[in-house]
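Here is how the chains run, residue by residue.
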Amino acid sequence: MPGPSPDWWFNPDRAKDLSDTEAVIAWHARCSDLVDWLLGAAVQSAYPVFAADQMRKEQNWRRDNDKDWEIAPQFDSLGARYWVQYRRSGGTEWAVLAMLFPMAEDQAETADGLYNIWLVRTLNCVASPAEYAAFPTAYFERSTRDVWDAGLPKPDDLIELLPPRMQDAMIDQAARGFLARKTAAGYWHRKLRQVEETPQDLAALAAMQRSRRDDASYTLNEMRLMFVDNMDALADLLAENGSVQYARSIDLLSAAHLRALVADTRLPQTVRVNLARVAFLRLLALGSIREAQAALRNYLALYPTARFDAEAAMAKASEPEVKLALAALTMPLSVRYYGHWAWDMTKVPGFGNYFGTVGQFSADLPDWLRTGGGLQVDVERLLQVGQFWFSQKGYTERGIRRLHDRRMEIALPVPRFVGFPPQGPYDPGVPFGRLVALDELGRLGPDTGLSQRLSEVVIAWADAGSDTIPEMILQQNGAMPQALRQIVQLNRYRTRGDVGGVFAGKAAFRLLHDRFPLSAAARATPYWYKCTSPYCDR
């Protein structure tokens with residue numbers, strides 16, 4: 001149950017605000033330690049600690065003095081309540097729950113003492129099942145506090161005792177906490193030398209995590225990319241970790257930069273093939289025919305399997321742009337590094353689906369990507385800019401929704417730490433912002449992007465090549481009807497984009513059925529589409 005506040009089931013001041021159901025649960029909590037414990041665990045799970053600052057009487061955010069930050073009294077009372085329960089009963093379960101809440105100095109000393117006891121018993125293999133379960137939590141909470149108090153965590157052998165997920169979480173927490181304190185504060189307070197040290201610090205964290213598993217986490221690697229400002233360093237990072245870690249950021253590069261990565265033989269073949277395909281499609285969408293021809297040659301050289309279909313399609317036309325358009329229709333159509341036919345990188349575990357699926361099925365770039373807004377959001381969420389000043393714990397989008405469900409107001413600050421574009425010498429943005437090809441990306445939306453270019457080229461070619469009866473008869477089983485069918489499908493997720501004053505999908509559909517009614521493509525295309533759902537191109 002949400003309840004009107006974190007301590008709703010035992011705070012007498014809240015009794016009058018409880019619903020009938022909440023009142024019944026509160027009565028059971030007074031009678032049952034188990035119910036009381038479960039409610040406390042649920043509160044800590046549902047409420048990001050940073051939200052505590054929103055519940056204090058004075059809710060003004062003081063950016064320049066984090067000493068003004070205070071834990072809400074409700075969370076103080078919860079932590080104190082469970083320490084009392086532990087001292088009363090000696091139950092390990094109460095101590096573990098108490099450690100999840102912010103602690104006063106004496107409480108932290110008690111927690112450290114328990115940690116040392118559980119550590120010795122765990123190392124000597126004499127811990128009880130409860131102590132084995134409690135030790136990772138105590139270690140994690142203690143390490144998290146050390147990160148915020150002293151910077152980078154000290155690598156030690158004890159981390160090997162933690163479950164793998166907790167190992168990763170601790171190092172990710174270190175990256176977030178360290179960067180939020182050092183990097184964001186460095187920008188805000190103009191300590192740019194402090195910011196310049198960040199790439200080395202992140203590399204140290206990645207090495208620490210990689211020593212315990214095959215690679216560093218997506219979150220940590222994406223943070224490292226934020227501090228790359230040249231293509232040589234970017235290529236080094238991709239060669240080190242594999243491009244799947246950086247798919248969203250790769251989409252922000254120019255076609256020329258993508259082609260430079262294609263030439264890097266350190267990258268896996270599959271990565272270079274995908275980069276070559278995206279570079280070709282972007283150059284075609286931008287109308288750079290010569291560069292697109294060269295990029296297509298690179299793609300076919302790297303991916304001989306695609307050569308037969310592409311060359312067979314290009315043989316159906318004589319004009320260079322039509323040849324390129326027909327070749328494009330033989331491959332996955334997306335100017336994103338990962339399109340709808342592959343894993344959608346907005347759903348990477350541990351990173352969150354921040355942008356939903358808008359643009360996921362499109363051949364063009366969604367607005368949040370082509371405007372650079374995606375990088376801004378990534379920067380804010382990866383580095384916990386703003387959120388740091390409220391808490392050492394971070395938050396999730398789901399947690400924000402729960403806060404609203406519990407009738408708690410949230411007023412996040414507007415960060416001055418920008419992702420892109422730079423705002424001058426005092427707000428330069430993350431270094432990666434210098435590589436973002438914003439002008440080029442802006443031309444790859446639904447109005448002027450790949451879908452529009454292919455629609456215009458194919459419709460004009462099919463119209464000019466079938467305006468006489470002999471040509472119409474000859475092309476019933478030719479390449480034109482199939483190409484028109486693909487244009488109808490390509491426009492399925494578009495909301496706009498006309499050819500000759502008619503929506504492109506409708507224009508292709510009309511031409512297909514007027515000129516090629518006997519074709520298999522016409523029979524397979526009974527409808528044309530214009531998107532009206534939230535998944536449409538924007």
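Definitions and limits used
Residues numbered from 1 in each chain as written. Predicted model: local features only at pLDDT ≥ 70, side-chain atom pairs only at ≥ 80, totals over all residues. Heavy atoms only, no water. Helix = DSSP H or I, 4+ residues; strand = E, 2+ residues; numbered from the N terminus. Contact = heavy atoms within 4.5 Å. Areas by Shrake-Rupley, 256 points an atom, 1.4 Å probe, with all protein chains shown as cover. Phe/Tyr/Trp six-rings, centres within 6.5 Å; stacked < 30°, edge-to-face > 60°. Buried < 20%, exposed > 50% of the residue type's maximum accessible area, 1.4 Å probe, protein only. Polar contact = N/O pair within 3.5 Å; in protein donor to acceptor, adjacent residues only side chain to side chain. Axes fitted to C-alpha atoms, helices over the stretch in contact; angles between N-to-C directions. Left-handed = near helix turned anticlockwise from the far one by under 90°. Parallel < 35°, antiparallel > 145°, perpendicular 65-115°, else oblique. Nonpolar A, V, L, I, M, F, W, Y, C, P; charged D, E, K, R; others polar.

Focus: the overall build of the chain
And then number 1: For the chain, the helix and strand inventory stands at 26 helices and 2 strands.
And then number 2: Considering only contacts within the chain whose residues lie at least 6 apart along the sequence, 67% involve residues at least 24 apart.
And then number 3: In the structure as shown, the chain presents an accessible area of about 24100 Å², 53% of it carried by carbon and sulfur atoms.

Here we look at unusual backbone geometry
And then number 1: Here the phi dihedral of C125 falls at roughly 60°; this positive angle occurs in a residue that is not glycine.
And then number 2: With respect to the helices and strands, C125 occurs in the loop between α5 (105-123) and α6 (129-150).

Description of the packing of aromatic side chains
And then number 1: Enumeration over the complete set of coordinates arrives at 10 aromatic pairs.
And then number 2: Centre to centre, the rings of F135 and Y139 are 6.1 Å apart; their planes meet at 40°, and the pair counts as tilted. Note that F135 and Y139 are positioned in helix α6 at a spacing of 4 residues, about one turn of the helix.
And then number 3: With a relative accessible area of 1%, F135 lands in the buried category.
And then number 4: Taken together, a centroid distance of 6.1 Å and an interplanar angle of 45° make the contact between F503 and W528 tilted. With F503 in strand β2 (residues 502-503) and W528 in the segment after α26 (520-523), this residue pair connects regions lying 25 residues apart in the sequence.

Topic: the side chain of Q452
And then number 1: By the element assignment, Q452 lies in helix α22 (residues 450-464).
And then number 2: Residue classification places Q452 among the buried residues on the basis of a relative accessible area of 6%.
And then number 3: Side chain to side chain, Q452 and R494 meet in a polar contact 2.8 Å long.
And then number 4: Residues in contact with Q452, not counting those within four places in the same chain, are P446, D447, R494, G497, D498 and V499.

Overview of helix α4 (residues 92-99)
Along an α-helix, residues three or four positions apart point the same way, because every turn accommodates 3.6 residues.
And then number 1: Along α4, 7 of the 8 residues are buried, which leaves the element largely enclosed by surrounding structure.
And then number 2: Among the residues of α4, those classed as buried are T92, W94, A95, V96, L97, A98 and M99.

Here's the deal with the side chain of T92
And then number 1: As for its placement among the helices and strands, T92 is situated in helix α4.
And then number 2: Owing to a relative accessible area of 19%, T92 belongs among the buried residues under this scheme.
And then number 3: Contacts of T92, omitting those with residues within four sequence positions, involve W118, A130 and A134.

Some words on the environment of R142
And then number 1: Looking at the element boundaries, R142 is found in helix α6.
And then number 2: Judged by relative accessible area, R142 falls into the partly exposed class, the value being 28%.
And then number 3: When the C-alpha atoms of R142 and M99 are compared, they prove to be 9.0 Å apart, with 43 residues separating the residues in sequence.

So, the packing of helix α14 (residues 269-285) against α22
And then number 1: Closest axis-to-axis distance for the α14/α22 pair is 8 Å, and the angle between their directions is 65°. Crossing geometry of α14 relative to α22 is assigned as left-handed. Counted together, L281, L284 and A285 of α14 and L450, R453 and L454 of α22 form the full contact between these two elements.

Some remarks on the packing of α22 against helix α25 (residues 504-515)
And then number 1: Following both chains from N to C, one finds α22 and α25 inclined at 20°, their axes separated by 10 Å at the closest point. The angle between α22 and α25 falls in the class roughly parallel. Relative to α25, α22 is oriented so that their crossing is left-handed. In contact with S455, I459, A462 and D463 of α22, α25 contributes A504, A507, A508, L511 and R515.
And then number 2: Class assignment of the residues belonging to the contact of α22 with α25 gives a composition of 6 nonpolar, 1 polar and 2 charged.

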